[in-house]
Amino acid sequence: MKKITAVVLAAGRGTRMKSDTPKVMHGLLGKPIIWYVLNALKAAGIKDIIVVAGYGSRMLKGELGGARMVLQKKLLGSGDAVNSAKRFLKFRTGDILVTCGDAPLIRPETLKRLIGKHRSSGASATVLTAKVKDPSGYGRMIRDDNKKILKIAEDKDASVYEGSIDEINVGTYCFKYADLFAALSKVRSNNSKKEFYLTDTLSIIRSGMSKPVESVLAEDESEVIGINTRADLAEASMRLKNMVLRGLMADGVTIEDPSTTIIHPGVKIGRDTVIKPNTIIGSNVTIGKGCEIGPFARIRPGTRIADSAEIGNFVELVRTTIGKGTKVKHHTYLGDAVVGKGVNVGAATITANYDGKNKHKTVIEDGAFIGVGAILIAPVKIGRRATVGAGCVVPKGHNVPPGVTVVGVPAKILK
Ligand code: UD1
Ligand code: CA
């Protein structure tokens with residue numbers, strides 16, 4: 001791709017969130033909001049990314065990946081935020097893509113379409129718009145009789161007629177470098193928020209500078225949601241969740257009850273696996289083919305489940321590997337465990353993986369049988385085809401040899 005720098009606006013405090021955490025650091029299905037924005041930009045092929053931070057910038061630092069951070073000293077509005085990135089721009093030619101750190105669901109394809117149209121049309125500015133059912137809170141797109149963009153009317157400054165327009169400004173734009181900064185120098189803060197609005201640059205470019213402004217309409221209303229409140233966060237979470245579930249179903253996974261199933265983005269699940277109701281699957285989880293998961297299962301990050309395994313109700317797994325055909329069907333906690341093939345883990349089995357300071361591993365080898373209510377104190381190993389009796393406590397380091405049966409508290413080999 002030709003030279004393009006992305007500027008992500010993320011300095012805002014997010015007043016409407018009523019939070020001590022900067023808005024873009026709030027979690028959305030396991031990752032901070034800004035993570036999604038940066039990910040989409042990278043997936044669209046943009047390598048040079050600047051994040052404009054302000055409120056809580058220290059908390060943002062760890063989440064930036066390869067992006068650079070600049071500080072907006074005073075939060076004077078989105079126009080001022082872009083201006084504060086100017087000194088850090090490497091190229092004085094080329095294009096600048098501006099997007100908001102609080103709009104996490106924009107797809108890379110949409111960003112590419114925006115950049116494509118901007119370049120092919122030769123416009124000075126190209127803005128991403130969307131038609132939405134409820135435009136309140138967003139800037140409205142005001143067009144002339146030829147459907148060309150005249151200006152953006154901010155929600156708080158819009159007339160009654162303008163407020164009724166259902167085409168909104170998503171907050172994502174492409175600009176030619178020189179035209180952007182020429183227009184920004186003319187933006188004034190004579191509006192209801194007393195802020196320097198980035199959105200005013202469009203009317204300045206169109207009417208003041210007589211240069212072309214174009215637009216691209218986003219296809220999916222879900223993509224364009226900007227998070228300003230906790231209710232918006234819940235809405236975005238629901239939409240993202242549905243996108244993830246639809247993707248998995250398209251790949252051959254049965255989700256019995258999408259309304260009670262939460263699966264984080266990036267989870268891989270093989271075909272013909274059935275996810276039963278009220279199941280939560282965290283990020284960085286892989287599940288094989290033909291498994292049965294849930295109802296009421298909680299599969300946490302770092303878990304790998306091989307084909308044909310069955311994970312039942314009230315089972316929690318974290319950083320755990322489950323072998324092919326293994327069954328963990330009721331009321332069980334396995335943390336930092338490596339469980340082999342064809343293992344049966346009885347109801348209410350618990351790995352005591354945390355000693356108050358460190359976490360330790362439990363290994364359960366192929367074909368082992370763990371009786372109900374067993375407590376396995378890590379680090380410990382249960383050998384191949386060994387049997388652990390019901391209610392047995394296996395102390396740490398007391399590895400159970402292959403093939404034997406242990407019973408009691410503490411576990412002893414049954415002769
Ligand atoms: C903004 C747009 C609006 C659009 C909407 C899309 C402006 C003036 N309005 O409104 O047209 O429909 O986004 O969601 O841009 N920010 C800074 N520094 C500041 C102020 C804001 O970095 O001084 C950042 C915020 O962190 C946020 C973004 O800019 O990520 C937009 O600011 P916000 O206050 O959320 O604007 P909206 O009212 O949502
Ligand atoms: Ca916003």
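Residues numbered from 1 in each chain as written. Chains lettered and ligands numbered in written order. Predicted model: local features only at pLDDT ≥ 70, side-chain atom pairs only at ≥ 80, totals over all residues. Heavy atoms only, no water.

Novice: Sorry if this is basic, but what is going on with the domain arrangement of the protein chain here?
Specialist: Put simply, an interface is often sized by how much accessible area is lost when its parts join up. Per the domain assignment, the segments making up the protein chain are domain 1 (4-223) and domain 2 (230-413). With centres defined by C-alpha atoms, the gap from domain 1 to domain 2 works out at 43 Å. Listed per partner, the contact involves 16 residues of domain 1 and 13 residues of domain 2. Buried surface at the junction of domain 1 and domain 2, both sides included, amounts to about 1200 Å², of which 67% is carbon and sulfur. Our count for the domain 1 to domain 2 interface comes out at zero salt bridges. (Domains from an automatic or database assignment. Contact = heavy atoms within 4.5 Å. Buried area = accessible area lost by both parts, 1.4 Å probe. Salt bridge = Lys/Arg side-chain N within 4 Å of Asp/Glu carboxyl O.)

Novice: Would you explain the coordination of the calcium ion (ligand 2) in this entry?
Specialist: Ideal values for angles at a metal depend on the geometry: 109.5 degrees with four tetrahedral donors, 90 or 180 degrees with six octahedral donors. The protein atoms that coordinate the calcium ion (ligand 2) are Asp102 (OD) and Asn228 (OD1), at distances spanning 2.3 to 2.5 Å. Linking aspartate 102 in the loop between β6 (95-100) and α4 (108-121) with asparagine 228 in the loop between β11 (213-217) and α8 (230-250), this pair joins segments that are 126 residues apart in sequence. Across the pair, asparagine 228 and aspartate 102 agree in class, each one buried. (Donors = N, O, S within 2.8 Å, 3.2 Å for Na, K, Ca; no water. Helix = DSSP H or I, 4+ residues; strand = E, 2+ residues; numbered from the N terminus. Buried < 20%, exposed > 50% of the residue type's maximum accessible area, 1.4 Å probe, protein only.)

Novice: Help me out: how do you make sense of the side chain of aspartate 179 in this one?
Specialist: Here aspartate 179 shows up in helix α6 (residues 177-184). A distance of 2.7 Å separates the side chain of aspartate 179 from the side chain of serine 124, its partner in a polar contact. Polar side-chain contacts of aspartate 179 include one of 2.9 Å to the side chain of lysine 211. When residues no more than four places from it in sequence are discounted, the contact partners of aspartate 179 are Ser124, Ile205, Met209 and Lys211. (Polar contact = N/O pair within 3.5 Å; in protein donor to acceptor, adjacent residues only side chain to side chain.)

Novice: I'm lost on the packing of helix α3 (residues 78-85) against α6 in this one. Help?
Specialist: The description of two helices packed together rests on the angle between their axes and the distance between the axes. The N-to-C vectors of α3 and α6 enclose an angle of 130°; their axes lie 10 Å apart at closest approach. Taken as axis vectors, α3 and α6 run oblique relative to one another. For the pair α3 and α6, the sense of crossing is left-handed. Contacts between α3 and α6 involve Gly79, Val82 and Asn83 from the former and Leu180, Phe181 and Leu184 from the latter. Looking at the contact of α3 with α6, its residues break down into four nonpolar, two polar and no charged. (Axes fitted to C-alpha atoms, helices over the stretch in contact; angles between N-to-C directions. Parallel < 35°, antiparallel > 145°, perpendicular 65-115°, else oblique. Left-handed = near helix turned anticlockwise from the far one by under 90°. Nonpolar A, V, L, I, M, F, W, Y, C, P; charged D, E, K, R; others polar.)

Novice: Explain the site of ligand 1 here, please?
Specialist: Surveying the vicinity of ligand 1 reveals 24 residues, the closest of which are Leu9, Gln72, Ser78, Glu154 and Asn169. Taking glycine 77, its main chain carries an N or O atom lying 2.8 Å from an oxygen atom of ligand 1. Look at ligand 1: alone it shows 740 Å² of surface, and the protein chains cover 93% of it. Elements with a minimum of two residues in the shell around ligand 1: β1 (4-10), α3 and β10 (167-176). (Near = heavy atom within 4 Å. Areas by Shrake-Rupley, 256 points an atom, 1.4 Å probe, with all protein chains shown as cover.)

Novice: Please explain the nonpolar core as it appears in this structure.
Specialist: Taken as a class, soluble globular proteins show a tendency for nonpolar side chains to be buried jointly. Counting residues in each nonpolar core, the largest one holds 88 residues, and the members touching the most others are Leu97, Ile305, Ile311 and Ile382. In terms of residue count, helix α1 (residues 33-43) provides more of this core than any other element does, seven residues in total. Counting contributing residues per domain, this core is built from domain 1 (4-223) and domain 2 (230-413), each supplying no fewer than three. Core analysis: the second largest hydrophobic core is formed by 31 residues, Leu9, Val70, Leu89 and Ile96 among them. (Core = buried A, V, L, I, M, F, W, Y, C linked by side-chain atoms within 4.5 Å.)

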